[in-house]
2 protein chains.
Amino acid sequence: MRAIDIIAKKRDKGELSREEINFFIQGFARGDILDYQAASWAMAVLLNGMTAQETADLTLAIVATGESIDLSQVAPIAVDKHSTGGVGDKTTLFVEPLVSACGLPVGKISGRGLGFTGGTLDKMESIPGFDIYLTTEEYLSQLKEVGLVLAGQTADLAPADGKLYALRDVTATVDSIPLIASSIMSKKIAGGAHGIVLDVKSGLGAFMETLDEARTLARLMVDIARLAGRKAVALLSDMNQPLGHAVGNALELKEAIATLQGGGPSDFKGHCLEVAAHMLTLGGIAENIEAAAPKLNEALTSGLAWERFRELVIAQGGDVTYVDNPDLLPKASLIENILAPRSGYLKGVHARIIGETAMLLGAGRARKGDPIDHAVGFEIYHKVGDHVESGESLFTIHANDPAKLAEARQRLLDAHTWSDEPVAPLPLFYEIVR
Amino acid sequence: MRAIDIIAKKRDKGELSREEINFFIQGFARGDILDYQAASWAMAVLLNGMTAQETADLTLAIVATGESIDLSQVAPIAVDKHSTGGVGDKTTLFVEPLVSACGLPVGKISGRGLGFTGGTLDKMESIPGFDIYLTTEEYLSQLKEVGLVLAGQTADLAPADGKLYALRDVTATVDSIPLIASSIMSKKIAGGAHGIVLDVKSGLGAFMETLDEARTLARLMVDIARLAGRKAVALLSDMNQPLGHAVGNALELKEAIATLQGGGPSDFKGHCLEVAAHMLTLGGIAENIEAAAPKLNEALTSGLAWERFRELVIAQGGDVTYVDNPDLLPKASLIENILAPRSGYLKGVHARIIGETAMLLGAGRARKGDPIDHAVGFEIYHKVGDHVESGESLFTIHANDPAKLAEARQRLLDAHTWSDEPVAPLPLFYEIVR
């Protein structure tokens, strides 16, 4: 078997066999197949596509380049969730303690933010001492003892994924649905979850701008899970406007804490309860999502979910006084509340502009490894369809630089568009892909 | 400007500007743009294509990475020919002395064989002492003094072409018509010819198997020449069966010598006279191809063309006694004449099988730099449409290994297919692209 023949087959729109995909990915991981061959292949995949079977084979080939965590050692069934990324998406911070509190172990390998979307690890690192670098042994023992763990990916899991992603990033081959799907699913499968709820976002503030693209990605990921012997369900959710109010690391953590304590914005809470219900169902804790609702409600109102979050922070070395007193969390030096410049119905609250403006303030990073400012960000108070009176609070900016604050103010005013006529609210979810 | 944006633009079927192409090729030649980026770009070009303007810009960008020869210093107008490669294609060896003998200086930068097609330089190197490594100064002074020069490409001419070709060769991006066209034309343009006759072959023994592909390549190369301020004409010629009788380096040289001395197979001679007539017309020596015919006939029958070939050999250090006595040229140890196993009309004489079988004997190379055997090859006596009697000579094998001889015998018998009904002969040319 030769790498060049495999590239040529995909170039000519052929369907690669499992053996060919294994040969290519193993060779690439070992360094026998060179970067320029993988780059040419990736462009051929991007332009000519892959079938579900090829994508599943690719995913498992990537998984096989590293170790896999066997969660069965510590939990008979463990579930995970994955979001394709959005603006204000702090779902994990609320959902995972909630599901864990219902008796379902949750082991999550998470990522940092890149571009206009935030990352769960960055949000948790607003807590002094919180350590995301766990060994596999630490990961497993915490999952067993606490029932909840939230760590960064180790180099030992699916190493070919990291290598391939770094190459795609510099060769304009990121935007390929089969390559995105296999990248996501290789990490989930290597991470050992038996059931996976995929939160696939579409809209202005998501990587998939159209529902069609999101549906294709969701379908493919669910198929990969099935072909890999895992259970998965994908929820197609809206990302035209931010989720919840807070955008920015410490601000989002505070909002998650408030929600765990029974408050929080209703759109965020509603979104999370749906995701959590699917996790309980996949995990066999509830027969269906209707049956999951009272369990989730009980875990929340009893304070168990909040307690589970505190245990997570303590287990990973975080200073729990910071979550008990969120006012201690990093705070920006400049906080400005902006009032609505007019009365009317909100037609749009442009998630992409808001995400990019948060990056401008320092909340996100343009390149891997860039430092970020945990304190900065926004609170965005209204949703599409809301009627807002002139002079009402529209948003609050948390910044550490006056010039950037001024620029952010203008951009966020532009991100809000208005109508004199009533506007229909946006749904939380569009559809479910099983 | 960033390399990744240029790759993404081609990925998304955009048309690259001259500035973008220059930036990319200059960066690649300097090493600022890395192999994996060029590989991804090349695959995007292969799959999404390029316009004639883009291809011309690419050609000139490649030319600009090295020096260009200015032939105007030594000849007011110089012409060249280029063949896209075939089996038994020794056209250059006959045509260039003939055209030079008509008073038109011919400066040719030629290549070695790769794969199943032969290379002019390999054929000339059958002559002991013949040196293809000329400096630009030597090249120019020989063109001025002899009116004929035949050399290998120096690294200084279009160096980005060599670098890009080496990369395409290992990334399954060779078979792109715009990349093939720009590779060929960059060398021709850097070589300084004012007029270029392109012999674009199609059929079983050519890189372009269909006439449509050959036509597309021809159209593109002629357009590039025009956009680069050169004159060009492309002849679409047949390569389903070998050209002439001889296949193999010394054997082809002998056939070219015989043709220069007034003999030679009629198909080969007819093909060459047509190519030569177009060269004289482009060079302004003849008003049209009809007017070129008597001049060519005179140069041939007077012995001037043969004399010019001898001068070429002498000027480049070759031992002229070997061309004066072709029996001195490398000879194989095993020579076997194979008779027709049946009577009938020849339906096919499969050029590709014959070319690959010549490689098997050692006449060609699978990889750049492999050694070759100048002595081995075939003489194939009949053409498609010929009526052959059982027991007539069908072909002769020249080999240096009995096992390979036996394998070649069977393959060549298989390459000849038969019909009881008359079969139309194949044309020499299909059409002309101006």
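Preceding this paragraph is the structure being described.
Attention here is on the structure that accompanies the text. These numbers come from a predicted model, not from an experiment. (Residues numbered from 1 in each chain as written. Chains lettered and ligands numbered in written order. Predicted model: local features only at pLDDT ≥ 70, side-chain atom pairs only at ≥ 80, totals over all residues. Heavy atoms only, no water.)

Quick word on the interface of chain A and chain B
Note the cut-off: Contact criterion: two residues are considered in contact whenever any of their non-hydrogen atoms come within 4.5 Å of each other. Two parts lose some accessible area (1.4 Å probe) when they are put together, and adding that loss for both gives the buried area. Every case where a carboxyl oxygen of Asp or Glu lies within 4 Å of a side-chain nitrogen of Lys or Arg is listed as a salt bridge. Side-chain atoms alone can form a polar contact between residues adjacent in sequence; in general such a contact is a pair of N or O atoms within 3.5 Å, and within protein one must be able to donate a hydrogen while the other accepts it. Helix and strand definitions here come from DSSP, where helices need a minimum of 4 consecutive H or I residues and strands a minimum of 2 consecutive E residues; each element is numbered from the N-terminal end.
Contacts between chain A and chain B engage 21 residues on the former and 21 residues on the latter. Of the roughly 1,700 Å² buried between chain A and chain B on both sides combined, carbon and sulfur atoms contribute 70%. The largest per-residue losses of area from chain A upon contact with chain B belong to R11(A), Y36(A) and L47(A), which jointly make up 34% of the total buried on that side. On inspection of chain A and its partner chain B, the count reaches one salt bridge. Between R11(A) and D175(B) there is a salt bridge, with its nearest N and O atoms 4.0 Å apart. Inspection of the region where chain A meets chain B yields six residue pairs in polar contact (both at pLDDT 80 or more). Sorting the residues of the side of chain A that touches chain B by element identifies α1 (3-11), α3 (35-48) and α8 (159-169) of chain A as the ones contributing at least two each.

A word on the pattern of salt bridges
All told, the structure shown has 53 salt bridges over all chains when counted by the stated rule. Measuring nitrogen to oxygen at the nearest pair gives 2.8 Å for the salt bridge that ties K9(B) to E20(B). Of this pair, K9(B) sits in helix α1 (residues 3-11) while E20(B) is found in helix α2 (residues 18-30), placing the two residues eleven residues apart along the sequence. Among the charged side chains, a salt-bridge network with shared partners connects R11(A), D12(A) and D175(B).

Details of the packing of aromatic side chains
Residues and elements named next belong to chain A. What counts here: A pair of aromatic rings is counted whenever rings of Phe, Tyr or Trp (Trp by its six-membered ring) have centres within 6.5 Å, and the orientation is called stacked for planes under 30 degrees apart, edge-to-face for over 60 and tilted otherwise. A 1.4 Å probe rolled over the protein chains alone gives each residue an accessible area, and that area as a share of the maximum for its type sets the label: buried under 20%, exposed over 50%, partly exposed in between. Whether a charge lies above a ring is judged from NZ of Lys or CZ of Arg, which has to be within 6 Å of the ring centre and within 35 degrees of the ring normal.
The full count for this structure, using the stated rule, is six aromatic pairs over all chains. Each ring, one from W306 and one from F309, has its centre 6.0 Å from the other, and the planes form 20°; the classification is stacked. One end of the pair, W306, and the other, F309, are both in helix α14 (residues 304-315), three residues apart, so they sit about a helical turn from each other. By relative accessible area, W306 is classed as buried at 13%. Across the ring face of F268, the terminal group of K90 is positioned such that the distance to the ring centre comes to 5.2 Å. A cation over an aromatic ring shows up here: K163 above the ring of F28, its NZ or CZ 4.6 Å from the ring centre.

A closer look at the relation of the copies chain A and chain B
Operational definition: Least squares is the method used to superpose the copies, on C-alpha atoms of residues holding a pLDDT of at least 70 in both.
Screw-axis analysis of chain A against chain B gives a translation of 0.1 Å along the axis, an RMSD of 0.1 Å, and a rotation angle of 179°. The relationship between the two copies is best expressed as a two-fold rotation axis. Considering only C-alpha atoms, the residue of chain A closest to the rotation axis is Y36(A), which sits at 2.1 Å. Counting the interface residues of chain A, we find that 100% of their copies in chain B are interface residues as well, pointing to one common contact surface.

Topic: α3(A)
Residues and elements named next belong to chain A. Just so we agree on the cut-off: What a helix is expected to span follows from its residue count: subtract one and scale by 1.5 Å.
Its 14 residues place the ends of α3 20 Å apart at the C-alpha level, agreeing with the 20 Å of an ideal helix rising 1.5 Å per residue. The buried fraction of α3 amounts to ten of the 14 residues, a majority that puts the element mostly inside the structure. Turning to α3, its buried residues are Q37, A38, A39, S40, W41, A42, M43, A44, V45 and L46. A positive backbone phi angle near 80° is found at G49, which sits one or two residues after α3.

Brief notes about the sheet that holds strand β12 (residues 416-419) of chain B
Residues and elements named next belong to chain B. Short version of the rule: By this definition, two strands are paired if DSSP reports at least two bridges between them. Only C-alpha atoms enter the line fits that serve as axes; for helices the fit covers just the stretch in contact. Angles between N-to-C directions range over 0 to 180 degrees.
As summarised here, the arrangement of the three strands in space is β10-β8-β12, forming an open sheet in which the pairing is antiparallel. The open sheet has two edge strands, β10 (387-388) and β12, and neither has a second partner. Note that strand β8 (residues 344-349) and β12 share four bridges and pair antiparallel. Residue pairing across strands places Y345 opposite S419, the latter belonging to β12. Its contacts with the sheet place helix α17 (residues 402-415) against β8 and β12, and it is angled at close to 35° to β12.

Considering the sheet that holds strand β12 (residues 416-419) of chain A
Residues and elements named next belong to chain A. Here three strands make up an open sheet; going across it, the order is β10-β8-β12 and the pairing antiparallel. Taken across any chain shown, the strands that pair with only one partner, and hence form the sheet edges, are β10 (387-388) and β12. Note: strand β8 (residues 344-349) against β10, two bridges, orientation antiparallel. Looking at the pairing, G344 lines up with V388 of β10. Against the sheet, helix α17 (residues 402-415) makes contact with β8 and β12, and its axis sits at roughly 35° relative to β12, the strand it touches most.

Regarding the environment of Q153(A)
All names here are of chain A. Note that Q153 resides in the loop between β3 (148-152) and α8. Taking the C-alpha atoms as reference, Q153 lies 34 Å from L412; in sequence the two are 259 residues apart. Excluding anything up to four places from it in sequence, Q153 contacts I109, S110, A158 and K187.

A word on the side chain of Q142(A)
The topology assignment puts Q142(A) in helix α7 (residues 136-146). Non-local contacts of Q142(A), meaning those with residues more than four positions away in its chain, are made with L134(A), G147(A), L148(A), V149(A), L312(A), A315(A) and Q316(A).

Some thoughts on helix α9 (residues 177-191) of chain A
Residues and elements named next belong to chain A. Helix length check: α9, at 15 residues, gives a terminal C-alpha distance of 21 Å against a target of 21 Å (1.5 Å per residue), a fit within 8%. Of all 15 residues in α9, 14 are buried, a share of seventy percent or more. Positive phi shows up at G192, right after α9, with a value of about 95°.

Remarks on the pairing of strand β5 (residues 231-238) of chain A
Residue and element names in this part refer to chain A. The criterion, for reference: We call a crossover right-handed when, viewed with both strands directed away from the observer, the connection leading from the first strand over the helix to the second proceeds clockwise.
Extensive coverage of β5 is indicated by the burial of seven of its eight residues. Looking at chain direction, strand β4 (residues 195-202) and β5 are connected through eight bridges and run parallel. In the sheet register, K201 faces β5, and the bridge partner there is S237. What joins β4 to β5 is helix α10 (residues 211-227), and the crossover it makes is right-handed.

With respect to the packing of α9(A) against α10(A)
Residue and element names in this part refer to chain A. Threshold: These descriptions rest on fixed angle ranges, namely under 35 degrees for roughly parallel, over 145 for roughly antiparallel, 65 to 115 for roughly perpendicular, and the rest for oblique. It is the rotation of the near helix from the far one that decides the hand of a crossing: anticlockwise by less than a right angle makes it left-handed, clockwise makes it right-handed.
Contact pair α9 / α10: the axes reach a minimum separation of 9 Å and the direction vectors enclose 40°. In terms of orientation, α9 lies oblique with respect to α10. Viewed along their axes, α9 and α10 form a crossing whose handedness is right-handed. Contacts between α9 and α10 involve I177, P178, I180, A181, S182, I184, M185 and I189 from the first element and E213, T216, L217, L220, M221, I224 and A225 from the second.

Examining the pairing of strand β2 (residues 106-110) of chain A
Within β2(A), five of the five residues are buried, leaving the element largely enclosed by the surrounding structure. What you see with β2(A) is no split at all: V106(A), K108(A) and S110(A) on one side and G107(A) and I109(A) on the other are buried throughout.

Let's talk about a negative patch on the surface
The condition that has to hold: Residues with no salt bridge and a relative accessible area higher than 30% make up the patches, which join like charges within 9 Å and nonpolar side chains (Val, Leu, Ile, Met, Phe, Trp, Tyr) within 5 Å. Note that accessible areas follow from Shrake-Rupley with a 1.4 Å probe, and for residues the cover is restricted to the protein chains shown. A residue counts as positive if it is Lys or Arg and as negative if it is Asp or Glu; His and the chain ends are not included. For charged residues, the charge sits on one atom: NZ in Lys, CZ in Arg, CG in Asp, CD in Glu.
Taken together, E67(A), D131(A), E137(A), E138(A) and D156(A) make up a surface patch of like negative charges. Topologically, E67(A) is positioned in the loop between α4 (52-63) and β1 (79-83).

Some words on the packing of helix α2 (residues 18-30) of chain A against α8(A)
All names here are of chain A. Two elements in contact, α2 and α8, have axes separated by 10 Å at closest approach and are oriented at 85°. One way to sum up the angle between α2 and α8 is to call them roughly perpendicular. The residues of α8 that touch α2, namely those facing I25, F28 and A29, are A160, K163, L164 and L167.

Some points on the state of the cysteines
Defined as follows: Pairs of cysteine sulfur atoms within 2.5 Å are identified as disulfides in what follows.
In this structure the tally under the stated criterion is zero disulfides over all chains. Sulfur of C102(A): no disulfide; nearest cysteine sulfur belongs to C272(A) and is 13 Å away.

Observations concerning the environment of L426(B)
Residue and element names in this part refer to chain B. Looking at the element boundaries, L426 is found in the loop between β12 and β13 (429-433). Considering only alpha carbons, one finds L426 and P159, 267 residues apart in sequence, at a separation of 39 Å. Every residue in contact with L426, bar those within four places of it in the chain, is listed here: D238, N240, Q241 and V384.

Some words on unusual backbone geometry
Residues other than glycine seldom take positive phi values, yet K13(A) does so here, at roughly 70°. The residue K13(A) is located in the loop between α1 and α2 in this model. Here K13(A) falls in the exposed class, since its relative accessible area comes to 63%. Here the phi dihedral of A172(B) falls at roughly 60°; this positive angle occurs in a residue that is not glycine. Looking at the secondary structure, you find A172(B) in the loop between α8 (159-169) and α9 (177-190).

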